[in-house]
Amino acid sequence: MSPAPARKLRVATTSLAGCFGCHMSFLDIDEHLFELVELIEFDRSPLTDIKEVGPCDIGIIEGGVCNAENVHVLREFRRNCKTLIALGACAVNGGLPAQRNHLPLSECLREVYQFRPGIANGQIPNDPELPLPLDKVRPIHEVVRIDYFLPGCPPSGPAIWKFLTDLIAGRTPRLTGGLLHYD
Amino acid sequence: MTKQFLLDGQPVPFEDGQTILEAARIAGHYIPSLCWHKDFAPHGSCKLCIVKAAGRHVSACATPAKEGWEVESNSPEMNGERRGLLQMLFVEGNHFCPSCEKSGNCELQALGYEYEMLTSRFRHFYPDRPVDASHPDVLLDFNRCIFCELCVRASRDVDGKSVFALTGRGIDKHLVVNAESGRLADTDFAKDDLAANICPVGVILHKREGFAVPIGERTYDNATIRSKKLKESSS
Amino acid sequence: MRCVLQPEVLVSALPSVPLVTLDDVLQRHSHDPTRLLQILIDAQEIEGWLPAPSLTRIAAALHIPRARVEGVAGFYSFLYTRPVGRYRVLFSDNITDRMLGNAELLDALCRKLWIEPGKVSEDGLVSVTTTSCTGLCDQGPAMLVNGRAIGQLNHRRINEIAELIRQQRPLDLWPAEYFSIDDNIRRRDALLDLDMPPGAALTAAIARGRDGWLAEMQASNLRGRGGAGFATAVKWASARNAPGAQKVIVCNADEGEPGTFKDRVLLNSFADLVFEGMALAAWAVGASEGFLYLRGEYRYLRPQLEAVLASRRQAGLLGTSILGAPGFDFDIQIHLGAGAYVCGEETALLESLEGKRGTPRIRPPFPVIKGYLGRPTVVNNVETLAKTCLVALEGGEAFAATGTAQSAGTKLLSISGDCAAPGIYEYPFGVPIARILEDCGASDTQAVQVGGASGMCLASYEFQRRIAYEDVPTAGAFMIFDGTRDLFDVARAFVHFFAHESCGFCTPCRVGTALLKGFMDKLADGHGAKADLTDIDWLDRLLKNASHCGLGSAAPNPVIDTLQKFRPAYERRLVSLDFEPAFDLDAALAEARQLTARDDPGAHLKTHEEEEK
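Residues numbered from 1 in each chain as written. Chains lettered and ligands numbered in written order. Predicted model: local features only at pLDDT ≥ 70, side-chain atom pairs only at ≥ 80, totals over all residues.

Some words on the overall build of chain C
What counts, and what does not: A run of DSSP states H or I qualifies as a helix once it reaches four residues; a run of E qualifies as a strand once it reaches two. Both are numbered from the N-terminal end. For the radius of gyration, the atoms used are the C-alpha atoms, and the globule rule reads 2.2 Å times the number of residues raised to 0.38. Buried residues are those with 20 or more other C-beta atoms within 10 Å of their own C-beta, exposed residues have 12 or fewer, and partly exposed residues lie in between; C-beta atoms are placed from the backbone. Contact definition: two residues whose C-beta atoms, as placed from backbone geometry, lie within 7 Å.
Assigned secondary structure in chain C consists of 25 helices and 16 strands. Computed over its C-alpha atoms, the radius of gyration of chain C comes to 25 Å, within 12% of the 25 Å expected for a compact globule of 613 residues. For chain C, the spread of C-alpha atoms along the three principal axes comes to 85 × 60 × 45 Å. Relative to its full complement of 613 residues, chain C shows a buried share of 56%. Considering only residue pairs separated by 6 or more positions, chain C has 71% of its internal contacts joining residues 24 or more positions apart.

In structure tokens:
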């Protein structure tokens, strides 16, 4: 690896409409985590419990955009991160949550809140605290500009490690030798 | 003296009537394709085999080789265009690899890997294309159709059944089956038909056979589509 | 005996009980699968659309797979596999119609009939929607009602039409002046001045012998008037030398290029010249069979064209031993298109003639070697064929004396848009754009779209350029835009046109035209960013390079030209110098807002990120 940057890079991560599987895969880089923490420090991330994203070098987004809150968080990340990465199938193309896209939103909500077995007199919630869902789940590149894409469901630990080490070392990341997978 | 043309600077011998793609593959040079099949006449719809021959963009599968031509194929420009065509195919359909039985054996996916397609770049169309599960042995998932017409051609020209055809036009073009009901069960389709075994993507799937091969052992888990196709042409 | 009515009559009679049965239609076309498109067109007259069981019956009767019938029925815009109104109103939607206010008239008609555009009224009486350019740009806004053309629409006429439809008045009883289509010939030259008795050109050509006639054609340097400009004599000679019997001459009257209508005028008032040209081609090539492929939008011309054919047969100008020349056997039949621009591409046209989906073929082989049903086939434009009469009468050299070095003869231009006198103008090749603008009374001209949607957009600094294959080639369209027009709207209209007309065969055109449409709409809706212009550029290049046929490679032309010459028209629509979402964020929440009855600030998203900071 080429010499590390003088200061640690600040990295934020989040999961939007995702399952945290990509974050789990991130942890699958195992002992490389020790190398990684020498090079980076975490800002907002499920790993740190920091709630607000601050100025960062790298932002990593798992999951697609399914509701208004996702849009706000994604925009916060874009504003604060010099480099923004789409991590995993859902961020890249909508993934599993986007499988609802061929159903009308009303059908989805009624199915969940009104017709599901065990629900009596259910109503679609209208609490302003709850973010409204978008009519379709979208990949994040349709909402903000994305610099890099790392597909996979999830991307493997080695793929994430290769990608990050490339990036930190100043190389344009490339997934070669079987590291690129869509599933 | 055999005739030859230059493919990315390498001499490729050919016989009269051979296309650029055929001659290249026999000589051990990979030009990608989706709609081309060695047993059928060139189709030329997917455009993945696009090359620059004597300065002009042509489909390598449909263009007869010419003596002395200089053909550009494996260049950043041509591969960039191929990546663009793959991105188009991905956004126009619903290609959700993690839930697709064809994943790991899918030519579209394998080409995505080959040309390092990391994002489908454009706005996804998310078309509404219902699945036809009416047939006892075969499932049709139109979400993944790339309109190569291999099933259309195989059913018509080999199986003699014409089970499939395309209707509609432009971006609304879609596959239909040979029945007034629109259901595959109402055709004479059988799982041993060539048409049931030729789909390069995950549209035509045999029921009760999904996910039989574990991840890691599927066709394109350990081989690139480049190496697989070249092996096929040399055998 | 049973009276078999012509479809044209049936359409206007609006029968409650069909006067023709499917069996009649199949009989009329000899149960011939190569006539599938013609069968579907006629079968549709029975119920106004093509119900699924009819497709099944047609397939069974022709012994072809039903899926193939469904494939063809689904390809053409004017074939309907779902019910449409008994009155089918289609507003022509070329940019010139838009400039004349067609959208407002469409809305007005829909309001008066209490219907939504694109939907059938509940009683099944009427449906109103748009269609691609109907070739009446010089007398727009225009519409087709059950296949019959009405021009010069205005609010008064729309009111009357709404009333006639409400009263269910048969089309034949509508005021005749509605259906009178003007030629609007404004400038005549060699061709339009020609007053030729039928047979005169043929007599001259036969006197020269087949070789002598082809030599005259070679000397004439006549090039194809459909736009591509291929040497006509070379095409004819290739077909003549091609192995195979029963050679075919096809007249391409699928004049679908937006803004072009000169073939309509030739077919309306100079049909004898066109048919004579086809016979001249047959004489040179040794062809026995001829087809006029008439675009569906011009089907109202069919009865009079059939009458011309009949009188030519009567006069011995068609049939066996034409004008007494032994072995010169040739006849012509008319095939209708059904709303598919791509069929103007000659190999797509041949597929359509064979009763298939109009998908362009792989070339080579070229049609002159393997064309209609694999037979050597010449496909020529209407104007090209008419011009061969001049060559036969005056000789090749005399013909070549007009025009420029590489463009012999004259060119018919279809002039429309912002000018005082739209219509047909015939000029010798080499005429400068500025001269044409002056002649047709155009002022304050900002741009001219020459050659239709697939042609070139010329800015005022290019008006000294000349109409000629070596400078500004054209199939004949000449649309004028004055200083009040927005060239982005023009380009966007053409992008919509190509997306609608793409056959969908190849990936770049099928998806690329749809993507391009999406980007142009994004800009038009006020969500554009600089990044979109980069993507548009990239799409333009891929369409141009990778498309299977000329439709796809020409589709980005309007955008390429206007981005280069009228870039501010795009830039002023951008709301960001960087990036804007691919879709309207707030609109994407609308359904959820409705379901939850919420309208609080949290139930909305700002579309432009700047506003959120």
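Examining the interface of chain B and chain C
Going by this rule: Each residue gets one of three labels, nonpolar for Ala, Val, Leu, Ile, Met, Phe, Trp, Tyr, Cys and Pro, charged for Asp, Glu, Lys and Arg, and polar for the others, Gly among them.
Taken residue by residue, the interface counts 30 residues in chain B and 33 residues in chain C. Of all the elements in the fold, those that place two or more residues in the side of chain B that touches chain C are helix H2 (76-92), strand E8 (164-167) and strand E9 (174-177) of chain B. Of the residues forming the side of chain B that touches chain C, the biggest block, 6 residues, is contributed by H2 of chain B. Classifying every residue of the side of chain B that touches chain C by side-chain character gives 14 nonpolar, 9 polar and 7 charged.

Section: the sheet that holds strand E7 (residues 138-141) of chain B
Think of a sheet as strands paired side by side through backbone hydrogen bonds, with each pair either parallel or antiparallel. Threshold: We call two strands paired when DSSP finds no fewer than two bridges between them.
A sheet is described by the order of its strands in space; here 3 strands give the open sequence E6-E7-E10 (chain B), paired in antiparallel fashion. With one partner strand each, in any of the chains shown, strand E6 (131-132) and strand E10 (204-206) of chain B form the two edges of the open sheet.

Remarks on the sheet that holds strand E11 (residues 423-428) of chain C
Residues and elements named next belong to chain C. Formally: Axis angles are defined between N-to-C directions and span 0 to 180 degrees, where every axis is a line fitted to C-alpha atoms and, for a helix, only to the segment in contact.
Reading across the sheet, the 6 strands line up as E5-E11-E10-E14-E12-E13 and stay open at both edges, with mixed pairing between neighbours. Strands with a single pairing partner mark the edges of an open sheet, and in this sheet they are strand E5 (185-187) and strand E13 (456-459). With direction set aside, neighbouring strand axes in the sheet form an average angle of 30°. In this sheet, E13 lies alongside strand E12 (residues 445-450) in antiparallel orientation, the contact comprising 4 bridges. Within E13, the position partnered with Ala447 by the bridge is Ala459.

A word on the packing of helix H18 (residues 487-501) of chain C against helix H22 (residues 557-565) of chain C
How two helices sit against one another is set out by the angle between their axes and by the gap between those axes. Residues and elements named next belong to chain C. As a reminder of what qualifies: Angles below 35 degrees are treated as roughly parallel, those above 145 as roughly antiparallel, those between 65 and 115 as roughly perpendicular, and all remaining angles as oblique. Helix crossings are classified by the rotation of the near helix relative to the far one: an anticlockwise turn of less than a right angle makes the crossing left-handed, while a clockwise turn makes it right-handed.
Contact pair H18 / H22: the axes reach a minimum separation of 8 Å and the direction vectors enclose 165°. Relative to H22, the element H18 lies roughly antiparallel. Judged by the sense of rotation from one axis to the other, the crossing of H18 with H22 is left-handed. Here Leu487, Phe488, Val490, Ala491, Phe494 and Val495 of H18 lie close against H22, whose contacting residues are Pro558, Val559 and Thr562. Residue composition of the contact of H18 with H22, by class: 8 nonpolar, 1 polar and no charged.

Re the environment of Glu101 of chain B
Residue and element names in this part refer to chain B. As for its position among the elements, Glu101 is in the loop between H2 and helix H3 (107-114). Assessed through the 17 C-beta atoms surrounding it within 10 Å, Glu101 is described here as partly exposed. Counting along the chain gives 101 residues from Glu101 to Gly202, while the straight-line C-alpha distance between them is 6.9 Å. Contact partners of Glu101, with chain neighbours within four places excluded, come to Gly202, Leu205, Gly210 and Phe211.

Some remarks on the pairing of strand E2 (residues 126-131) of chain C
All names here are of chain C. The buried fraction of E2 amounts to 5 of the 6 residues, a majority that puts the element mostly inside the structure. Both strand E1 (residues 87-92) and E2 contribute to a ladder of 6 bridges, which runs parallel. When the bridges of E2 are listed, Tyr87 appears paired with Val126.

Looking at the nonpolar core
Stated precisely, the cut-off is as follows: Put simply, a nonpolar core is a cluster of buried Ala, Val, Leu, Ile, Met, Phe, Trp, Tyr and Cys residues tied together by C-beta atoms within 7 Å.
Formed by 315 residues in total, the largest nonpolar core has its most connected members in Ile61 of chain A together with Val250, Val274, Ala279 and Ala281 of chain C. In terms of residue count, helix H12 (residues 271-285) of chain C provides more of this core than any other element does, 12 residues in total. Setting aside chain neighbours within four positions, we find Val250 of chain C in contact with Phe291, Tyr293, Leu349, Leu353, Tyr372, Thr377, Val378 and Val379 of chain C.

A word on helix H9 (residues 200-220) of chain C
Residues and elements named next belong to chain C. Our working definition: Working rule for helices: expected span equals 1.5 Å times residues minus one. Take the seven residues that end at a residue and the seven that start at it, fit an axis to each, and the angle between those axes is the bend at that residue.
Between its first and last C-alpha atoms H9 spans 18 Å; for 21 residues at 1.5 Å apiece the expected length is 30 Å, and the helix comes up short by more than 12%. Along H9, the sharpest change in direction is near 115° and occurs at Gly209. The complete set of buried residues in H9 reads Ala201, Leu202, Ala205, Ile206, Trp213, Leu214, Glu216, Met217 and Ser220. In the core, the buried residues of H9 are packed alongside helix H10 (232-241), H12, helix H15 (382-394) and helix H16 (396-400). One or two residues past the end of H9 sits Asn221, with phi positive at roughly 55°.

Details of unusual backbone geometry
Following Cys153 of chain A, the chain continues to Pro154 of chain A via a peptide bond in cis, the omega torsion being -10°. By the element assignment, Pro154 of chain A lies in the loop between strand E7 (148-150) and helix H6 (157-168). With omega at 5°, the peptide bond leading from Pro364 of chain C into Pro365 of chain C counts as cis. Mapped onto the fold, Pro365 of chain C is located in the loop between helix H14 (346-353) and strand E9 (377-381). The phi dihedral of Ser321 of chain C falls on the positive side, at around 45°, and the residue is not glycine. Within the fold, Ser321 of chain C resides in the loop between helix H13 (302-314) and strand E8 (331-336). Residue class for Ser321 of chain C comes out exposed when judged on the 11 C-beta atoms lying within 10 Å of it. One non-glycine residue, Ala597 of chain C, adopts positive backbone phi at about 55°.

Some points on the confidence of the model for chain C
Stated formally: Here pLDDT means the predictor's own confidence in every residue, given as a number from 0 to 100.
Across chain C, the average pLDDT comes to 95, with 96% of residues at 70 or higher. When the criterion is pLDDT under 50, residues 1-16 of chain C qualifies, and its contacts beyond four places in sequence or with other chains add up to 24 contacts.

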